[in-house]
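The primary structure of each chain is shown beneath.
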Amino acid sequence: PLHTDHPPAPSFVRDVFGTLAPKHRAIAVKRSAYVKTLIVPRPHRLGIGYLAGTGPVRRWLADIKHRCLEAFGKDVPQRVYVSRAGLDQTSPFAKILYEEWIEAYLQAEGYFIMRPETMPFARQLAMYAGAQQLIFAEGSTGHVYPMVGRPDQKVMFILRRALATIS
């Protein structure tokens, strides 16, 4: 077993793992360590039905969605814009052009401006699961949405850059 003198994992890692696997704890292993059992998943082949997930994965995600909505679903707005404006914008590729204007316009249209980095992971998932309309500023937060998304939601992504160039 791991010695208990390993430092805890960073708080955002503990938050994500606490939401996805609440019965397990995350620690940071910063030096050689011996473990009794190491579980390494086998390489996954993306076969038929991959996007729909297997039965156990669908049940696990449904449980996560239920727990998040139970904890935070009462105050989920129906229209949400998931912003990148609060992140470190030192790279020109991190920015959405005129995002401040986009936020102001969408807020005037009744959208809640969501800054995922300011809220617990479970609340983020509840927002994604509970909102009827979601607009994402393209980035990593959009990659979490499929875990709890619903087929009846309207979802849009604003891209940071072109996916292909025309020559």
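Here, the structure is the one placed above.
Residues numbered from 1 in each chain as written. Predicted model: local features only at pLDDT ≥ 70, side-chain atom pairs only at ≥ 80, totals over all residues. Heavy atoms only, no water.

Chemist: Summarise the pattern of salt bridges; cite the residues concerned and give the values.
Modeler: As a working rule, side chains carrying opposite charge can pair if their charged atoms are close by. As enumerated under the stated definition, the model contains four salt bridges in all. For the salt bridge of Arg150 with Asp152, the shortest nitrogen-to-oxygen distance reads 2.9 Å. The class for Asp152 is partly exposed, based on a relative accessible area of 43%. (Salt bridge = Lys/Arg side-chain N within 4 Å of Asp/Glu carboxyl O. Buried < 20%, exposed > 50% of the residue type's maximum accessible area, 1.4 Å probe, protein only.)

Chemist: Quick one: what's the story with the environment of Arg58, residue by residue and with numbers?
Modeler: Inspection of the secondary structure assignment puts Arg58 in helix H2 (residues 55-72). We classify Arg58 as partly exposed; its relative accessible area is 46%. Between the C-alpha atoms of Arg58 and Val148, which are 90 residues apart in sequence, the distance is 9.8 Å. (Helix = DSSP H or I, 4+ residues; strand = E, 2+ residues; numbered from the N terminus.)

Chemist: Outline the sheet that holds strand S4 (residues 154-158), supporting the account with residue identities and numerical values.
Modeler: Taken in spatial order, the four strands of this open sheet run S2-S1-S3-S4, and their pairing is parallel. Taken across any chain shown, the strands that pair with only one partner, and hence form the sheet edges, are strand S2 (112-114) and S4. Across the sheet, the axes of successive neighbouring strands diverge by a mean angle of 20 degrees, strand direction being ignored. One ladder, built from five bridges, connects strand S3 (residues 133-137) with S4; its direction is parallel. For Gln133, the partnering residue across the bridge sits in S4 and is Lys154. Seen against the sheet, helix H4 (residues 121-130) touches strand S1 (79-82), S2 and S3 and runs at an angle of roughly 140 degrees to S2. (Pairing = 2+ DSSP bridges. Axes fitted to C-alpha atoms, helices over the stretch in contact; angles between N-to-C directions. Contact = heavy atoms within 4.5 Å.)

Chemist: Which residues make up H2, and what values go with them?
Modeler: The end-to-end C-alpha distance of H2, which contains 18 residues, comes to 26 Å, matching closely the 26 Å that a straight helix rising 1.5 Å per residue would cover. Those residues of H2 that sit buried are Leu61, Ile64 and Cys68. Axial view of H2: buried residues confined to an arc of 55 degrees, hence all on one face. Summarising the geometry of H2, the exposed residues directed more than 90 degrees from the buried face are Pro56, Arg59, His66 and Glu70. On the buried face of H2, the contacting elements are helix H1 (11-20) and H4. (Expected span 1.5 Å × (residues − 1). Arc of directions from axis to C-beta.)

Chemist: Give a description of the pairing of S1 that names residues and reports values.
Modeler: As defined by bridge partners, S1 adjoins S3 across four bridges and the pair is classed as parallel. Within S3, the position partnered with Tyr81 by the bridge is Ile135. One ladder, built from three bridges, connects S1 with S2; its direction is parallel. By the bridge assignment for S2, Tyr81 is matched with Ile113.

Chemist: How would you summarise the nonpolar core if you had to cite specific residues and measurements?
Modeler: Core analysis: the largest hydrophobic core is formed by 22 residues, its most contacted members being Val80, Met114, Leu125, Tyr128 and Leu134. Of the residues forming this core, the biggest block, seven residues, is contributed by H4. Ile96, Leu106, Tyr111 and Ile113 belong to the second largest nonpolar core, which has nine residues in total. (Core = buried A, V, L, I, M, F, W, Y, C linked by side-chain atoms within 4.5 Å.)

Chemist: Account for the packing of aromatic side chains, with residues named and values stated.
Modeler: What the rule picks out here adds up to four aromatic pairs. Relative to Phe136, the ring of Tyr128 has its centre 5.3 Å away and its plane inclined at 55 degrees; by these criteria the two rings are tilted. Residue Tyr128 is classed as buried on the basis of its relative accessible area of 0%. Residue classification places Phe136 among the buried positions, given a relative accessible area of 0%. Grouping aromatic residues by their ring pairs yields a cluster made of Tyr128, Phe136, Tyr145 and Phe157. (Phe/Tyr/Trp six-rings, centres within 6.5 Å; stacked < 30°, edge-to-face > 60°.)

Chemist: Summarise the packing of H2 against H4; cite the residues concerned and give the values.
Modeler: Where H2 meets H4, the closest approach of the two axes is 8 Å, and the angle between their N-to-C directions is 100 degrees. It follows that H2 is roughly perpendicular to H4 by the angle criterion. Where H2 approaches H4, its residues Ile64, Lys65, Cys68, Leu69 and Phe72 are matched on the opposing element by Ala122, Arg123, Leu125, Ala126, Ala129 and Gly130. (Parallel < 35°, antiparallel > 145°, perpendicular 65-115°, else oblique.)

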